[in-house]
Amino acid sequence: MKQGADLQTLVGYRVQQANLLMETDARAALAAYDLSPAKMTALILIRDNPGCDQTALGRALSINRSSAMKLVNILADKGLVERRPGRDLRTNALALLPEGARQLETMLAAVRQSDARMTQRLSADELVTLHDLLARLGPATDAPDDDD
C-alpha cells in the first residue's frame, strides 16, 4: 500500500514500523523457547531486580496487575521464576530460578543475533547514534531547581 509523505514524516509511525520489524524477528528468534520478547523482558527485569514484586514488574512493563500475575504464572509454570515471601503478607518476591537464568542467557544470545541481523545495514557509528536518538525520544523535561 502506498505510504505518502505524511506517514513518512511522522516519527511515531516510523518508530512503530521499525518496532514491528524488530519484534517480528525477535519473536521468531524466541520461538524455540515458547516465550515472547515481553516475557523475556520480564525475566531480565526479575534477574536485575531480585525480590521485586508483581506490582513493580507490572509498572516496569506498563501492564496492569492482572496481566502481571498472568505473566508471572506462565514463567513460574515453565520453571523459570518462583514466588517467595515478600515484604508483607500481601506481596510475593519474585526470583529467577537457575533454569530461568540458563534459558535467559540462550534467549539473549538469540535476540542479540536478531538485533544484529536487523541492524546489519547500519555502521557501528550509526548504531551508536540510533541508540542515542532513541534514548532522547520523549518530551523535554525541565531540570529541577536547585532551590527545591
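Before any of the text, the structure's been laid out above.
Sequence order sets the numbering: in each chain, residues are counted from 1 along the sequence as written. Given that this is a predicted model, residues contribute local features only at a pLDDT of at least 70 and side-chain atom pairs are listed and counted only at 80 or more, while totals for whole chains, interfaces and linings are drawn from all residues. Note that water and hydrogens are dropped before the side-chain values are worked out from all heavy atoms of the structure.

Caption draft 1: Representation of helix H5 (residues 65–77). Working definition: helices are DSSP H or I runs of at least four residues, strands are E runs of at least two. Numbering for both runs from the N terminus. In this scheme, a helix's expected span is set at 1.5 Å multiplied by one less than its residue total. Relative to the 18 Å expected for 13 residues at 1.5 Å per residue, H5 spans 18 Å between its end C-alpha atoms, a close match to the ideal helical length. Note on classification: 1.4 Å probe, protein chains only; a residue is buried when its accessible area is under 20% of the maximum for its type, exposed when over 50%, partly exposed between these limits. Within H5, burial applies to Ala-68, Leu-71, Val-72 and Leu-75. Seen end-on, H5 carries its buried residues on one side only, within an arc spanning 95°. In H5, the exposed positions angled more than 90 degrees off the buried face are occupied by Lys-70 and Asp-77. On the buried face of H5, the contacting elements are helix H3 (37–48), helix H4 (54–61), strand E1 (81–85) and strand E2 (92–96). Any pair of nitrogen or oxygen atoms within 3.5 Å is treated as a polar contact; in protein, a donor-acceptor pairing is required on top of that, and neighbouring residues in sequence qualify only through side-chain atoms on both sides. Its side-chain oxygen 3.2 Å from the backbone nitrogen of Ser-66, Asn-64 forms the N-cap of H5. Note: the arc covers the axis-to-C-beta directions of the helix. A contact between two residues is defined here by any heavy atoms of the two lying within 4.5 Å.

Caption draft 2: Representation of the nonpolar core in the model. In this text, buried Ala, Val, Leu, Ile, Met, Phe, Trp, Tyr and Cys residues form a nonpolar core when linked through side-chain atoms within 4.5 Å. Counting 21 residues, the largest nonpolar core has Met-40, Leu-43, Ile-46, Leu-57, Leu-75, Val-81 and Leu-104 as the members making the most contacts within it. Broken down by secondary-structure element, the contributors of at least two residues to this core are H3, H4, H5, E2 and helix H6 (98–118). If one sorts the elements of this core by residue count, H3 sits on top with five residues. The residues touching Leu-43, leaving out its near neighbours within four places in the chain, are Leu-35, Leu-75, Leu-80, Val-81, Leu-96, Leu-104 and Met-107.

Caption draft 3: Geometry of the pattern of salt bridges. Any Lys or Arg side-chain nitrogen located within 4 Å of an Asp or Glu carboxyl oxygen qualifies as a salt bridge. Scanning the entire structure with this criterion turns up nine salt bridges. Its salt-bridge partner being Arg-117, residue Asp-25 comes within 2.7 Å of it at the nearest N-O pair. Of the two residues, Asp-25 is situated in helix H2 (residues 11–30) and Arg-117 in helix H6; the sequence distance between them amounts to 92 residues. Taking the relative accessible area as the measure of exposure, Asp-25 reaches 16% and is therefore buried. Here Arg-117 falls in the partly exposed class, since its relative accessible area comes to 41%. The salt bridge involving Arg-87 is made with Asp-53; its shortest N-O contact spans 2.6 Å. Of this pair, Arg-87 sits in the loop between E1 and E2 while Asp-53 sits in the loop between H3 and H4; the two residues are 34 residues apart in sequence, bridging distant segments of the chain. On the basis of relative accessibility, which here comes to 68%, the residue Arg-87 falls in the exposed class.

Caption draft 4: Quick peek at unusual backbone geometry. With a phi angle near 55°, Asp-34 is a residue other than glycine that sits in the positive phi range. With respect to the helices and strands, the residue Asp-34 is situated in the loop between H2 and H3. Owing to a relative accessible area of 58%, Asp-34 belongs among the exposed residues under this scheme. Here Ser-62, not a glycine, exhibits a phi torsion of approximately 60°, which is positive. Examined against the element boundaries, Ser-62 turns out to sit in the loop between H4 and H5. Ser-62 sits in the exposed class, given a relative accessible area of 69%.

Caption draft 5: How the structure looks around the packing of H3 against H4. Helix axes use the C-alpha atoms of the stretch in contact, all axes being lines fitted to C-alpha atoms, and the angles between their N-to-C directions lie in the range 0 to 180 degrees. At a minimum axis distance of 11 Å, the contact between H3 and H4 shows a crossing angle of 125°. Taken as axis vectors, H3 and H4 run oblique relative to one another. When you trace H3 past H4, the crossing you get is right-handed. Contacts between H3 and H4 involve Ala-38, Thr-41, Ala-42, Leu-45 and Ile-46 from the first element and Leu-57, Ala-60 and Leu-61 from the second. The classification used treats Ala, Val, Leu, Ile, Met, Phe, Trp, Tyr, Cys and Pro as nonpolar, Asp, Glu, Lys and Arg as charged, and all other residues, Gly among them, as polar. Here the residues of the contact of H3 with H4 are counted per class, giving seven nonpolar, one polar and no charged. Angular relationships are summarised with four words: roughly parallel below 35 degrees, roughly antiparallel beyond 145, roughly perpendicular across 65 to 115, and oblique for the angles in between. Whether a crossing is left-handed or right-handed is set by the direction in which the near helix is turned from the far one by less than a right angle, anticlockwise for left-handed and clockwise for right-handed.

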